[in-house]
Every structure is written in C-alpha cells, then in structure tokens.
Amino acid sequence: MIEMRDVWFSYGDRDVLKGVNMGLRKGEVAILLGKNGAGKSTLLMHLNGLLKPKKGEIIVDGKKISYDRKSLSQLRRLVGFVFQNPDDQIVAPTVWQDIVFGPENIGARDDEKVKKIMERLGLEGYGGRLCSSLSGGEKKRVAIAGVLAMEPDYIVMDEPTAGVDGIGLKEIAEIVRNLKENGKGVIISTHDLDFAKAIGDRFMILDDGRIIYDDVFVDYSLAERCGIRTWLSEGEVVLVPHDHSIPDTDEFDFIAVMGKSAREKLEKEGIEADITTAGMERAFLRAIGGARVMLVCSRSMIGVVEREAKTYPVRLSFHDGGKRHERHGVHSWSRSGRC
Ligand SMILES: Nc1ncnc2c1ncn2[C@@H]1O[C@H](COP(=O)(O)OP(=O)(O)O)[C@@H](O)[C@H]1O
Ligand SMILES: [Mg+2]
C-alpha cells in the first residue's frame, strides 16, 4: 500500500498541496479527479519521489520514503510513473532500446519478459522502429511498456488519455484492467469521466490542495462544483417525499413513484404516475435523456435516492412541502419545464 499522510507541497511560496491524505492498495485502480491546476500531477509526482513534500510523509509498503539516491532508485522499481507526455519519458532512439533501458540500468534485463510486455501492448514488430516516427498513441504504449518492464507493484499514470484517440483509449483501458488483474496498484489522473468509470474502483477529487472526496462512485454534482467537466445532463429529478404536497405536474415530463406510501399519496391526489416499477432507476435514466422527472417516494427512501443520484450524471433537487432545495449546490431552477 502507498499512503500519503498530511502531505504539503509548494512551488515557491504558493501551497499546492495542503495536507493530502490518501492511500492506494495493490489490486485496485484509483482515479484522481480535479480541475486543471488542482495539483494532480504534483500529488502523483510525490508517489515515486519525483517531488519531496514540504511537510508530511509518504509510506510505501510500510516504509517511509527516504530521498537519498539509493532509496529513490529502489522506490522507482516499486512505483512506476507514466508521464502525461511520452516525450518526457522516452529516452532511447528505438522502441526496443527504450523499453530495455530501465531494466538494463538496474542489471535486470530479461528479453523474454520485454517481448511479452511488447506483445501485451500491441508493440510486436515495433522493436526497430524509431520512437520519433511513432504516433502519439504508439509513443504512449512504448512509455507504458518501459515502465512495465521494470515490473513495479504500483503504477502511476498522469492523464494517460490526453491526446489519445478512441481506439487508443480502449487499449489503455485494457492495459489498466490487465495491470489490476495482475495485482498491481494503479492510480490515474484523468479528465475523462467515461474512461474513469470504465476502469476505476475508487474516485478521489483533489480540490484546493486537499482530497475532498474518496469513494467507490463518482459524485457528479460535486465533481461539477469542483470545476471538473462532467457532461451533467440537462435533465433533472425532483424528489418529493410522500408526506409533502405534490408540485404542479405540468412542470414535469414524467412522474415516477417509488414505495407504497408514495403510491397511496398519488392515488389519493388522483395523479397517475408514468413510471411505477423500478421508479428510481428509470427516473434517473429519463433524466439522463434530458427529461424533468418528478420522483415521489416514501420518506424513508430519500437517503437511498440521494446516494444513488450521485452515481448518475444528473441533477437531483428536493421538493419539501412547497419549498425546493438545491442538492449538492447545483442550480435546479435553470431549466424551464415542459412547453
Ligand atoms: N514547476 C512548477 N513551478 C511552479 N508552479 C508550478 C509548477 N508545476 C506546477 N505548478 C503550478 O502548481 C499548480 C498545480 O499544478 P499541477 O500539479 O500541474 O496541476 P494539475 O496536474 O492538476 O493540472 C498549478 O497552479 C501550476 O501552475
Ligand atoms: Mg497535470
């Protein structure tokens, strides 16, 4: 496990990390989200000793990082770092020379292993190619291969999808899944939420120098508030507890109901719901499609809906006895109702 404990870092006198606490276990893929300039690269560079904290400590497999040359060289065998720009990583003229460079340096070159890694990354037959002649996606794979050739237990990837096309993206996702299956701990900073959701086990948000969120699902609304582009849908789910007045149904595209008391309430009011089974899931799916959906639910279910809402890229607002609150600080009045 890699742990960061109360890590502070500044460039000059500007604090960029202000007490970061986080952990990365083997066999998991952690995603680090944060707007541009939030300090993601700065944080990641602490994990293999590229940067040294001003205060706090980083502990790898129970051992605090030391910053002498020997310790750092050991650390870098344990924690590999894939730079955002492969040109910062690639050191040798040809693909083969570049991939064997690391292992050779530490006297652990194993050509068979390197060949296997190249195969896994779709780089067979690339050995003699000049790195300078490769496309962005190919360079990225060479850079990753160079890191994997060192057989690290942890792999840090800084924005691996930047400048990579759709096919390259799929390939990188596959590589990451493969690393996880092989028990590696992977931490990835990215802006690409689709990619993140496809591979991530855990999602962290770095904001104002601190990890303010760390959970197994993406909290879209919070991410949006932190300036992370989320593609949050135009749609909205308005949550109405069964023991409150029902808002004007004309304002909504769909009415969904969930729970016995909520059903009874609608019946009493003579309102017919459009969605009566799997109310919550369907309400969110319709909202993702851009609709405004009223979800009438039993009061006891509000917590469940609120938690579930975070996993969908939609707005949730709360109608409570004529008043309407914003949830997660997202504006819910911006979209007019059905025409
Ligand atoms: N070498 C540096 N010298 C001075 N400031 C830097 C340096 N690298 C990054 N910064 C600043 O630190 C902040 C965090 O940068 P960075 O860690 O690159 O953020 P992110 O990766 O989230 O975009 C930014 O304001 C950036 O301009
Ligand atoms: Mg960065």
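Above: the structure in question.
Figured I'd write up the structure that's included with this text. Since the model is a prediction, treat every value here as computed from it, not as a measurement.

Describing the sheet that holds strand S10 (residues 210-215)
Then comes step 1: If you trace the six strands from one edge of the open sheet to the other, you get S6-S7-S8-S3-S9-S10, paired in mixed fashion. Each end of this open sheet is capped by a strand with a single partner; those strands are strand S6 (79-82) and S10. Looking at each pair of strands side by side, their axes are set apart by 20° on average, direction ignored.
Then comes step 2: In the sheet, S6 pairs with strand S7 (residues 154-158) via four bridges, with the strands oriented parallel. Within the sheet, the bridge partner assigned to Phe 81 lies in S7 and is Val 156.

Structural notes on the site of ligand 1
Then comes step 1: Tyr 11, Arg 14, Val 16, Lys 35, Asn 36, Gly 37, Ala 38, Gly 39, Lys 40, Ser 41 and Thr 42 make up every residue found near ligand 1.
Then comes step 2: Here an oxygen atom of ligand 1 and a backbone polar atom of Gly 39 are 2.9 Å apart.
Then comes step 3: Mapped by element, the contributors of at least two residues to the shell around ligand 1 are strand S2 (14-24) and helix H1 (40-46).
Then comes step 4: In terms of residues, the shell around ligand 1 owes the most to one element, H1, which gives three residues.
Then comes step 5: Each residue belonging to the shell around ligand 1 can be placed in one class, and the counts come to three nonpolar, five polar and three charged.

Some details on the nonpolar core
Then comes step 1: Ile 99 and Ile 188 are the most contacted members of the largest nonpolar core, which totals 47 residues.
Then comes step 2: Those residues in contact with Ile 188, other than ones at most four positions away along the chain, are Val 29, Ala 30, Ile 31, Leu 32, Met 157, Pro 160, Val 176, Phe 195 and Ile 199.
Then comes step 3: Counting 29 residues, the second largest nonpolar core, distinct from the first, contains Ile 2, Phe 9, Leu 24 and Ile 187.

Let's talk about the pairing of strand S8 (residues 185-189)
Then comes step 1: Of all five residues in S8, five are buried; the element is thus mostly enclosed.
Then comes step 2: Of the two faces of S8, the one lined by Gly 185, Ile 187 and Ser 189 and the one lined by Val 186 and Ile 188 are each fully buried.
Then comes step 3: By the bridge criterion, four bridges tie strand S3 (residues 29-33) to S8 in an arrangement that is parallel. Looking across to S8, one finds that Val 29 is bridged to Val 186.

Describing the pattern of salt bridges
Then comes step 1: For the structure on display, the rule yields 28 salt bridges.
Then comes step 2: Lys 54 is paired through a salt bridge with Asp 15; the nearest N and O atoms lie 2.9 Å apart. Note that Lys 54 is positioned in the loop between H1 and strand S4 (55-60) and Asp 15 in strand S2, a separation of 39 residues in sequence.
Then comes step 3: Take Lys 54: its relative accessible area is 54%, and that puts it in the exposed class.

Reading the values: rules and limits
- Residues numbered from 1 in each chain as written.
- Chains lettered and ligands numbered in written order.
- Predicted model: local features only at pLDDT ≥ 70, side-chain atom pairs only at ≥ 80, totals over all residues.
- Heavy atoms only, no water.
- Pairing = 2+ DSSP bridges.
- Helix = DSSP H or I, 4+ residues; strand = E, 2+ residues; numbered from the N terminus.
- Axes fitted to C-alpha atoms, helices over the stretch in contact; angles between N-to-C directions.
- Near = heavy atom within 4 Å.
- Polar contact = N/O pair within 3.5 Å; in protein donor to acceptor, adjacent residues only side chain to side chain.
- Nonpolar A, V, L, I, M, F, W, Y, C, P; charged D, E, K, R; others polar.
- Core = buried A, V, L, I, M, F, W, Y, C linked by side-chain atoms within 4.5 Å.
- Buried < 20%, exposed > 50% of the residue type's maximum accessible area, 1.4 Å probe, protein only.
- Contact = heavy atoms within 4.5 Å.
- Salt bridge = Lys/Arg side-chain N within 4 Å of Asp/Glu carboxyl O.

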